[in-house]
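A look at the structure
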Amino acid sequence: MARLRALGAKAQSHPGYERVFALLNATFRKSKLAQRLAVLKSATWLIDILERLGIGL
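My aim in this report is to walk through the structure given alongside it, one point at a time.

This part takes up a nonpolar patch on the surface. A surface patch of nonpolar side chains, amounting to about 330 Å² of accessible area, comprises Trp45, Ile49 and Leu53. The topology assignment puts Leu53 in helix α3 (residues 33-53).

As structure tokens, this is what we get:
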């Protein structure tokens, strides 16, 4: 969540931001314990993509 917030307000309008936010909140909480690592890896990957796009910089 800290990395996501660090992207800033400009990134919040990007659709990828909303997807990562959903992954880290609702999807993570609904997932079984064994699936949570995969959810975190997916969120990390999407945040990496947003950072590489320069969203929020």
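Further notes follow.
Applying the stated criterion across every chain yields a total of two salt bridges. The salt bridge involving Asp48 is made with Arg3; its shortest N-O contact spans 2.5 Å. Taken as a pair, Asp48 in helix α3 and Arg3 in helix α1 (residues 2-6) lie far apart in primary sequence, 45 residues in all. On the basis of relative accessibility, which here comes to 34%, the residue Arg3 falls in the partly exposed class. For Glu51, the salt bridge goes to Arg3, with nearest N and O atoms at 2.8 Å. Taken as a pair, Glu51 in helix α3 and Arg3 in helix α1 lie far apart in primary sequence, 48 residues in all.

Conventions and cut-offs
Residues numbered from 1 in each chain as written. Predicted model: local features only at pLDDT ≥ 70, side-chain atom pairs only at ≥ 80, totals over all residues. Heavy atoms only, no water. Patch = residues over 30% accessible without salt bridge, like charges linked within 9 Å, V, L, I, M, F, W, Y side chains within 5 Å. Areas by Shrake-Rupley, 256 points an atom, 1.4 Å probe, with all protein chains shown as cover. Salt bridge = Lys/Arg side-chain N within 4 Å of Asp/Glu carboxyl O. Helix = DSSP H or I, 4+ residues; strand = E, 2+ residues; numbered from the N terminus. Buried < 20%, exposed > 50% of the residue type's maximum accessible area, 1.4 Å probe, protein only.

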